[in-house]
Amino acid sequence: MTEYDTVSADVEHEDEIPEDHPRYQDLLTRHRIEKGVEKGITHLQGMHAEGRGSAFDYLLGEETIPSADAAERAAAAHLLLADHPVLSINGNVAALVPGEMAELAAATGADLEVNLFNRTPERIGEIAAHLRDHGAEDVKGLEADARIPNLDHQRAKVDEDGIYAADVVLVPLEDGDRAEALDEMGKTEIVIDLNPLSRSPRVAEVPIVDNIIRAVPNMTEHARELADVDEAELQRVIDEFDREAALEEAEERIRSGEL
Ligand code: PTJ
């Protein structure tokens, strides 16, 4: 037990969480989600989603396993090769990694689009403003002038010149129905989800089983490294990634991980 093992339950700012606390990442994500709910960015259900994710992360050892790193590199290559890449943002993503998503968009030339499971105009507006406060230049999702086929009305809403037209879409912490519907539209899907058994990573071309707070900065780092390589090399990175093996490795780690 160190002097840092106890952290106030009433943390006002995340700087108050000591970085050497053994549960630092978990405390940080919990704090960001709580603030997101207070600001009206994150839906209350986002807390439930975060709890589920954090249980899987605990079993993974709260680290980026090698197959997740390979997935993050392949995802960066897909985004760089795409004609029209889009990064989808929901209330949890906006609370956890707003600036990091803006950096990934800048590093890959992708658009950012707010796309919500529990959609309200107020949350869409709040999230777009929050992203701009964290460095995003242009935020899509406010027009909602197109629909994803085979989904109920509210959940299907997207921008025609955003997710609807995209060839590669990053959908972090996505619900299974929408991930399947996007897959049926023929999009190349990159999914970040700590549960390797969830439908969303199972339909993704690139399933990333990692915590979004580690995954997104690592994707940006890979994108910067790959920025000047030719298309053949990007394609090689994509072809070398084995999605089945990555899902299996993550599941194996979760089932047998030493705690
Ligand atoms: O903001 P909205 O209205 O779009 O709603 C967003 C949530 C997340 C509430 C909504 O999409 C939802 O209910 O999602 P699910 O079905 O709970 O799926 C979320 C998935 O993300 C689960 O499989 C979690 O394990 C996973 N997850 C949660 N936190 C993280 C995570 N994966 C990676 N990093 C995390 N920090």
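Note that the structure is a prediction, hence the values are computed from the model and not measured.

Some details on empty space enclosed by the protein
To find leftover empty space, one rolls a probe the size of a water molecule over the atoms. What the rule picks out here adds up to two cavities of 30 Å³ or more. For the largest cavity, the calculated volume is near 40 Å³. Taken together, S88, I89, N90, N115, V171, P172, E174 and R178 make up the lining of the largest cavity. Contributing elements (two or more residues each) for the lining of the largest cavity: β1 (85–89) and β6 (168–172). Residue classes in the lining of the largest cavity are distributed as three nonpolar, three polar and two charged. Estimates place the volume of the second largest cavity at around 30 Å³. The wall of the second largest cavity is formed by Q25, D26, T29, E50, S54, D57, E62 and N211. For the lining of the second largest cavity, the class distribution of residues is no nonpolar, four polar and four charged.

Some thoughts on helix α5 (residues 98–108)
Those residues of α5 that sit buried are P98, G99, M101, A102, L104, A105 and T108. Just beyond α5, the residue with positive phi is G109, at close to 75°.

Focus on the packing of helix α2 (residues 45–60) against helix α12 (residues 243–256)
Close contact between α2 and α12 brings their axes to 7 Å; oriented N to C, the two are set at 85°. The orientation of α2 relative to α12 falls into the category roughly perpendicular. Together, F56, L59 and L60 of α2 and A250, R253 and I254 of α12 make up the contact between the two elements. Its residues assigned to classes, the contact of α2 with α12 shows five nonpolar, no polar and one charged.

Points about unusual backbone geometry
The backbone phi angle of E62 is positive, close to 50°, even though this residue is not glycine. Tracing the chain through its elements places E62 in the loop between α2 and α3 (66–81). Taking relative accessible area as the criterion, E62 reaches 17% and is therefore assigned buried. With phi around 50°, A144 is a residue other than glycine that occupies positive phi space. Looking at where A144 falls in the secondary structure, it is placed in the loop between β3 (139–140) and β4 (146–147).

Things to note about the nonpolar core
Among the nonpolar cores identified, the biggest contains 46 residues, and L87, M101 and I208 are the most heavily contacted of them. Element by element, the count of residues in this core is highest for helix α10 (residues 212–226), at five residues. Residues in contact with I208, not counting those within four places in the same chain, are A71, E72, A75, I190, V191, I192, D193, A215 and M219. Listed in part, the 14 residues of the second largest apolar core include A156, A166, V171 and A204.

Section: the pattern of salt bridges
The final tally for this structure, using the stated rule, is 20 salt bridges. Between K140 and D161 there is a salt bridge whose closest N-O contact spans 3.4 Å. Taken as a pair, K140 in strand β3 and D161 in the loop between β5 (157–158) and β6 lie far apart in primary sequence, 21 residues in all. D161 sits in the partly exposed class, given a relative accessible area of 42%. Residues R199 and D177 are paired through a salt bridge, measuring 3.0 Å at the closest nitrogen-oxygen approach. You can see R199 sitting in helix α9 (residues 199–203) and its partner D177 sitting in helix α8 (residues 176–184), a full 22 residues away along the chain. Within this structure, R23, D26, R30 and E62 form a network of salt bridges that share partners.

The rules behind the values
Residues numbered from 1 in each chain as written. Predicted model: local features only at pLDDT ≥ 70, side-chain atom pairs only at ≥ 80, totals over all residues. Heavy atoms only, no water. 1 Å grid on protein atoms, 1.4 Å probe; cavity = no way out; pocket = protein on both sides within 12 Å on 5 of 7 lines; lining within 4 Å. Points joined across faces, edges and corners; volume = space filled by probe spheres on them. Helix = DSSP H or I, 4+ residues; strand = E, 2+ residues; numbered from the N terminus. Nonpolar A, V, L, I, M, F, W, Y, C, P; charged D, E, K, R; others polar. Buried < 20%, exposed > 50% of the residue type's maximum accessible area, 1.4 Å probe, protein only. Axes fitted to C-alpha atoms, helices over the stretch in contact; angles between N-to-C directions. Parallel < 35°, antiparallel > 145°, perpendicular 65-115°, else oblique. Contact = heavy atoms within 4.5 Å. Core = buried A, V, L, I, M, F, W, Y, C linked by side-chain atoms within 4.5 Å. Salt bridge = Lys/Arg side-chain N within 4 Å of Asp/Glu carboxyl O.

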